[in-house]
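Below, each chain spelled out in residue letters.
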Amino acid sequence: ETYATSPLNEDVVVYSKFTPDVYDSNLEFTLSDDGTYYSVSGLGECENSPNILIPDTYNDLPVKVVKGSYLNEHGVKISDPVFYESTVIKLKISANIEKIERWAFGRCFELKKLEFAENSKLHTIEELAFNICKSLLSVNLPKGVTTLPQYAFAQCESLTSFTFEDANTFTEFG
């Protein structure tokens, strides 16, 4: 938390509390089975951070996936989504992220700002990835996204603008 002062006159000073536009990137990462990239797999020290940056690289390898929640063949949940119900307000997704999995940012009620880095390699946003992000105001999908299922941004009741960059060629569009 940061406090700013603003003198109204010589006798009165106004103090206001604000969150600086500093992004936290102390997340948890998991190395892929083939050892060529990392996935964001946990909040780590970012659990209560209002502004989160998903970095381009970790340990000199690209970060390509934001983990979500999946059921195995017996209907048992095998992983928890990374940001599910987190208190993140601003989220910046790096250019190397290729896939955002199911429920990865589900129920992030306070998420207002979602940014994708220039030259984004994102191609897949899975179903329910941003479900019930009630405060999300706008989305500008980067070009190259080919998979956007029907409920990827379901119940985002404050969403007033949803735009696509040029050259989006969908193979799946809900």
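### Observations concerning unusual backbone geometry
Turning to step 1, where the next piece is worked out: A positive phi angle, close to 50 degrees, is found at N59, a residue other than glycine.
Turning to step 2, where the next piece is worked out: Topologically, N59 is positioned in the loop between strand 6 (57-58) and strand 7 (61-66).
Turning to step 3, where the next piece is worked out: One non-glycine residue, N119, lies in the positive phi region at around 60 degrees.
Turning to step 4, where the next piece is worked out: Residue N119 is classed as exposed on the basis of its relative accessible area, which comes to 69%.

### Some points on the sheet that holds strand 5 (residues 51-54)
Turning to step 1, where the next piece is worked out: Strand order across the open sheet formed by three strands is 5-8-10, with parallel pairing between neighbours. Each edge of the open sheet carries a strand with a single partner, namely strand 5 and strand 10 (113-116). Neighbouring strand axes in the sheet, compared pairwise and without regard to direction, differ in orientation by 10 degrees on average.
Turning to step 2, where the next piece is worked out: Where strand 5 meets strand 8 (residues 90-93), four bridges bridge the pair, whose relative direction is parallel. When the sheet's bridge partners are listed, N51 is paired in strand 8 with K90.

### Describing the pattern of salt bridges
Turning to step 1, where the next piece is worked out: In this structure the tally under the stated criterion is seven salt bridges.
Turning to step 2, where the next piece is worked out: Linking K67 and E101 is a salt bridge whose minimum nitrogen-to-oxygen distance equals 3.8 Å. One end of the pair, K67, is in the loop between strand 7 and strand 8; the other, E101, is in the loop between strand 9 (99-100) and strand 10, and 34 residues separate them in sequence.
Turning to step 3, where the next piece is worked out: Given the relative accessible area of 30%, K67 is considered partly exposed.
Turning to step 4, where the next piece is worked out: The class of E101 is buried, set by a relative accessible area of 6%.
Turning to step 5, where the next piece is worked out: Here the salt bridges share partners, and the residues they tie into one network are K67, K99, E101 and E126.

### Some words on the confidence of the model for the protein
Turning to step 1, where the next piece is worked out: Averaged over the protein, the pLDDT score is 80; the fraction of residues at 70 or greater is 75%.
Turning to step 2, where the next piece is worked out: Confidence, expressed as mean pLDDT per element, reaches its minimum in the protein at strand 1 (residues 2-7) with 42 and its maximum at strand 11 (residues 124-125) with 93.
Turning to step 3, where the next piece is worked out: Long-range and interchain partners of residues 1-8, a stretch whose pLDDT sits below 50, account for 22 contacts in this model, where long-range means more than four residues apart.
Turning to step 4, where the next piece is worked out: A low-confidence stretch, residues 15-20 stays under pLDDT 50, and its non-local contacts, those more than four residues away or across chains, total 16 contacts.

### A short note on the packing of aromatic side chains
Turning to step 1, where the next piece is worked out: Tallied over the entire structure, the rule returns nine aromatic pairs.
Turning to step 2, where the next piece is worked out: Among the aromatic residues, ring-to-ring pairing joins F83, F105, F130, F153, F162 and F164 into one connected group.

### Description of the environment of F164
Turning to step 1, where the next piece is worked out: Along the polypeptide, F164 turns up in strand 14 (residues 161-164).
Turning to step 2, where the next piece is worked out: Look at F164 and you get partly exposed, because its relative accessible area is 37%.
Turning to step 3, where the next piece is worked out: For the pair F164 and V139, spaced 25 residues apart in sequence, the C-alpha separation works out to 8.3 Å.

### Section: the nonpolar core
For soluble globular proteins, the rule of thumb is that nonpolar side chains tend to be buried together.
Turning to step 1, where the next piece is worked out: Ranked by size, the top nonpolar core spans 36 residues in total, and within it I54, F83, F105 and F130 carry the most contacts.
Turning to step 2, where the next piece is worked out: Breaking this core down by element, the ones donating at least two residues are strand 4 (38-42), strand 5, strand 7, strand 8, strand 10 and strand 12 (138-141).
Turning to step 3, where the next piece is worked out: Excluding its chain neighbours within four sequence positions, the residues that come into contact with F130 are L91, I93, I100, F105, L111, L114, I125, A152, F153, A154 and C156.

### Some points on the side chain of N96
Turning to step 1, where the next piece is worked out: Positionally, N96 belongs in the loop between strand 8 and strand 9.
Turning to step 2, where the next piece is worked out: At a separation of 2.8 Å, a polar atom in the side chain of N96 contacts the main-chain carbonyl oxygen of D56.
Turning to step 3, where the next piece is worked out: Not counting residues up to four positions away in its chain, the partners in contact with N96 are D56, T57, P62, V63, K64 and K121.

### Re the pairing of strand 8
In the case of a regular strand, side chains alternate between the two sheet surfaces.
Turning to step 1, where the next piece is worked out: Along strand 8, the buried face is formed by L91 and I93; none of K90 and K92, which line the opposite face, is buried.
Turning to step 2, where the next piece is worked out: Across four bridges, strand 8 lies against strand 10 in parallel orientation. Paired with K92 across the strands is E115, a residue of strand 10.

So, how was this worked out
Throughout, residues of each chain are indexed from 1 in the direction in which the sequence is written. Selection of residues for local features in this predicted model requires a pLDDT of at least 70, selection of side-chain atom pairs for listing and counting requires 80 or more, and totals for whole chains, interfaces and linings are taken over all residues. To get the side-chain values, take all heavy atoms of the structure and skip hydrogens and water. Every helix listed is a DSSP run of H or I at least four residues long, and every strand listed is a run of E at least two residues long, numbered separately from the N terminus. Type-normalised accessible area, obtained with a 1.4 Å probe on protein chains alone, sets the label of each residue: buried when under 20%, exposed when over 50%, and partly exposed for intermediate values. In this analysis, strands are considered paired if DSSP registers two or more bridges between them. Only the stretch in contact is used when a helix axis is fitted, and all axes are lines through C-alpha atoms; the angle between N-to-C directions ranges over 0 to 180 degrees. Salt bridges are identified by distance alone: a Lys or Arg side-chain nitrogen within 4 Å of an Asp or Glu carboxyl oxygen. pLDDT runs from 0 to 100 and stands for how confident the predictor is about each residue. Contacts are assigned to residue pairs with any non-hydrogen atoms lying within 4.5 Å of each other. Each aromatic pair joins two rings of Phe, Tyr and Trp (for Trp, the six-membered one) with centres within 6.5 Å, and gets the label stacked for planes under 30 degrees apart, edge-to-face for over 60, and tilted for any other angle. As used in this record, nonpolar core signifies buried Ala, Val, Leu, Ile, Met, Phe, Trp, Tyr and Cys residues forming a set joined through side-chain atoms within 4.5 Å. We define a polar contact as two N or O atoms separated by no more than 3.5 Å, with the added condition that, inside protein, one atom must be a possible hydrogen donor and the other a possible acceptor, whereas residues neighbouring each other in sequence contribute only through side-chain atom pairs.

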